[in-house]
2 protein chains.
Amino acid sequence: MADKHLLREVGHLETRCEDCALFSLCFAQDLSKEERDLLNTILKRQQPVERNEHLYHGGQSLKSVTVVRSGSVKAYQLSNDGDEIVSGFYLPGEIIGLDALASGKHPGGAVALEDSRTCEIPLKDFIRMLHGSPRLNQVMLNLLSEEMAETRELLLVVGRLDARTRVALFLLTMSRRLSRRNQDPDQFRLTMDRRDIANYLGLTIETVSRTLSALQREKVIEVHGKLVNVLDQNRLREQAAKTVDAGQQRRSA
Amino acid sequence: MADKHLLREVGHLETRCEDCALFSLCFAQDLSKEERDLLNTILKRQQPVERNEHLYHGGQSLKSVTVVRSGSVKAYQLSNDGDEIVSGFYLPGEIIGLDALASGKHPGGAVALEDSRTCEIPLKDFIRMLHGSPRLNQVMLNLLSEEMAETRELLLVVGRLDARTRVALFLLTMSRRLSRRNQDPDQFRLTMDRRDIANYLGLTIETVSRTLSALQREKVIEVHGKLVNVLDQNRLREQAAKTVDAGQQRRSA
DNA sequence: CGGTACTTTGAGGCGGCTCAAGTCGAGTGG
DNA sequence: CCACTCGACTTGAGCCGCCTCAAAGTACCG
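(A) Quick look at the relation of the copies chain A and chain B. Of the transformation placing chain A onto chain B, the axial shift is 0.1 Å and the rotation is 180°, giving an RMSD of 0.0 Å. Both chain copies can therefore be described as sitting about a two-fold axis. Measuring from the rotation axis to each C-alpha of chain A, the shortest distance belongs to Gly159 of chain A, at 2.3 Å. With an isologous cut-off of 70% or more, the 100% of interface residues of chain A that recur at the interface of chain B puts this contact in the isologous class.

(B) Structural view of unusual backbone geometry. Residue Lys219 of chain A is not a glycine yet carries a positive backbone phi of 60°. Looking at where Lys219 of chain A falls in the secondary structure, it is placed in the loop between helix H7 (205-217) and strand E10 (221-224).

(C) Representation of the interface of chain A and chain B within the structure. Counting residues at the interface gives 46 residues for chain A and 47 residues for chain B. Summed over both sides, the interface of chain A with chain B buries roughly 4,300 Å², with 60% coming from carbon and sulfur. Its largest share of buried area at the contact with chain B, chain A owes to Leu141, Arg152 and Arg160 of chain A, together 16% of the area lost on that side. Where chain A touches chain B, the interface holds four salt bridges. The partner of Arg152 of chain A in a salt bridge is Glu147 of chain B, with the nearest N and O atoms 3.6 Å apart. Taken together, the links from chain A to chain B amount to six residue pairs in polar contact (both at pLDDT 80 or more). Considering each element in turn, the side of chain A that touches chain B owes the most residues, 18 residues, to helix H4 (residues 134-160) of chain A. Classifying every residue of the side of chain A that touches chain B gives 19 nonpolar, 17 polar and 10 charged.

Calculation notes
Residues numbered from 1 in each chain as written. Chains lettered and ligands numbered in written order. Predicted model: local features only at pLDDT ≥ 70, side-chain atom pairs only at ≥ 80, totals over all residues. Heavy atoms only, no water. Least-squares fit on C-alpha atoms with pLDDT ≥ 70 in both. Contact = heavy atoms within 4.5 Å. Helix = DSSP H or I, 4+ residues; strand = E, 2+ residues; numbered from the N terminus. Buried area = accessible area lost by both parts, 1.4 Å probe. Salt bridge = Lys/Arg side-chain N within 4 Å of Asp/Glu carboxyl O. Polar contact = N/O pair within 3.5 Å; in protein donor to acceptor, adjacent residues only side chain to side chain. Nonpolar A, V, L, I, M, F, W, Y, C, P; charged D, E, K, R; others polar.

As structure tokens, then:
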């Protein structure tokens, strides 16, 4: 705990956004030089979050705009009956909790999947920046509608694709996102457990596990717990592209 | 066609936003008086759209911000394999195609489900207003994140609930939305066909039909083609609230 | 009225859920 | 360092809901 507070202080002293390794992935790159200078003075960098620690809870009011600096974060909502619905996973460079921008209240919660760090802009400062910068507004609208597109994509995946396709798509997406962060696209560690994956994909734990095993049997991937080794990108892509057609579902259209 | 052009002209002459019957449902109510005065001068009112006519196609660039004035509209996206994915239905007072605000290009298309009318703000004018009005920015962010919340809701519905619950929720939602527009919440006409409903809910036509029939057999509703008569709001709500638990799915959480 | 598109209804099969045992792996205490 | 434990993951058997395929019924429009 003492450590933590120490680190929070140290954060201020760190690099400027322009020098951050994640700059090319961060929304800060879309700002003008002046805006970034301002940002550099107010940004609280490298805030540590422990594994399983909440960044915020559902219903809580938005305190700051948060970018994942390292580690990974799970976002979820609660259904009417209190079930957790995993709505997304966030990797370094991505902004968390944008959906609270409008109402000022987080519709769901966010938890660190591993020890992580974040950069935070206090809401007050952020709002002030928003008022002064049409460009920042544009950037935010962009981010929101990007996330919108992603959610729509997930809608398609979760509602209409068979289990094998969902899992394949999940692996591919993770691979792609991780590789943009300088990790090996063919060998990575999933930071979330099977429960979270299943929940995210709208499947059961058992089905996810079985599907992973099947893909391994077919030498498309290798799995050892959270470690994934993609043996055959192409065939994995095929699985993901089958989109529908096979199993059930299709008609419509 | 001649008629149509005539009407487009006449549109300009109509009422001001403040006098519109839909004012309380329209985003215009959130603007300041000055902003609204400006809006009144640039808004193209009551643009007619024929049944099955497209408001825009996927990939097309955003020409104007559009509010449904009367009738109803279906929004859809195309999946990789060209399947239609119905992403929403829009009723009078609702804004269409906001998800194109960021990129400037519509990710999907929109078609009128019946002869309808719209109010349109040419994009140029709208952008100009955005630059001059932090408030309008806020309103837009609000609308976008509202739509985000809705899509997330749909995600839950489509991915995790059984057919009966999905259909019940759909009916309830339509009922609620229509009643806010001064229509009888217990007796209404669905403007979309079974195919669209099924697609929207991630089900097949047959399943939707069977479910409606079942609800009718149980005297919860009465259906005659597109006409729906809710006989027992409470029991319909029960069906929708069962959320999961019954059939399959649940675990997670 | 005949055609076409939409809707309903039925029979059957399959994917994924449920329930129920394992197996594995990391952390703990003897 | 090993035995133990507890949670995470895997695997299997069986069942159920929804999809598929097929055909009949119904409404709308020329």
